[in-house]
Amino acid sequence: MEWFNTFGLIYIVVIMIPNIVFAIKCKDGFENKWNNPLYYSFYFIPV
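In this text, all values refer to a predicted model and were calculated from it rather than measured experimentally.

Describing the overall build of the protein chain
So, step 1. When helices and strands are tallied, the protein chain shows two helices and zero strands.
So, step 2. Overall, the C-alpha framework of the protein chain stretches about 45 × 35 × 10 Å when taken along its three principal axes.
So, step 3. Across the 47 residues that make up the protein chain, the buried fraction comes to 0%.
So, step 4. Entry remark: accessible area of the protein chain is about 5,100 Å², with carbon and sulfur atoms responsible for 69%.

Here it is, written out as structure tokens:
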């Protein structure tokens, strides 16, 4: 498996550790209080 980048995988796992810990501690997640209609209108316009 020459295409498999071991160091890249380790790097991704290391930077994902805070997200994994948050997901384990807060199983309900969080409420997204950020609401910007202009952003959403540009976000959903297909390019």
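The rest of the description comes next.
What to know about the packing of aromatic side chains
So, step 1. Per the stated rule, a full pass over the model turns up one aromatic pair.
So, step 2. Between Trp3 and Phe4 the ring centres are 6.1 Å apart and the planes differ by 85 degrees, which places this aromatic pair in the edge-to-face class.
So, step 3. On the basis of relative accessibility, which here comes to 70%, the residue Trp3 falls in the exposed class.

Structural notes on helix H1 (residues 6-25)
So, step 1. Look at H1: 28 Å from first C-alpha to last across 20 residues, which is about the 28 Å you get at 1.5 Å a residue.
So, step 2. By the largest-angle criterion, Ile17 marks the main kink of H1, which is about 45 degrees, and a proline, Pro18, follows within four residues.
So, step 3. Between the side-chain oxygen at the start of H1 and the backbone nitrogen of Phe7 there is a gap of 3.3 Å, and the oxygen is on Asn5.

Brief notes about the environment of Glu31
So, step 1. Looking at the element boundaries, Glu31 is found in the loop between H1 and helix H2 (37-43).
So, step 2. In this structure Glu31 comes out as exposed when scored by relative accessible area, which is 63%.
So, step 3. Here the alpha-carbon distance between Glu31 and Val21, two residues ten residues apart in the chain, equals 18 Å.

Cut-offs and rules
Residues numbered from 1 in each chain as written. Predicted model: local features only at pLDDT ≥ 70, side-chain atom pairs only at ≥ 80, totals over all residues. Heavy atoms only, no water. Helix = DSSP H or I, 4+ residues; strand = E, 2+ residues; numbered from the N terminus. Buried < 20%, exposed > 50% of the residue type's maximum accessible area, 1.4 Å probe, protein only. Areas by Shrake-Rupley, 256 points an atom, 1.4 Å probe, with all protein chains shown as cover. Phe/Tyr/Trp six-rings, centres within 6.5 Å; stacked < 30°, edge-to-face > 60°. Expected span 1.5 Å × (residues − 1). Bend = angle between axes of the 7 residues up to and from the residue. Polar contact = N/O pair within 3.5 Å; in protein donor to acceptor, adjacent residues only side chain to side chain.

These figures capture arrangement, not role.
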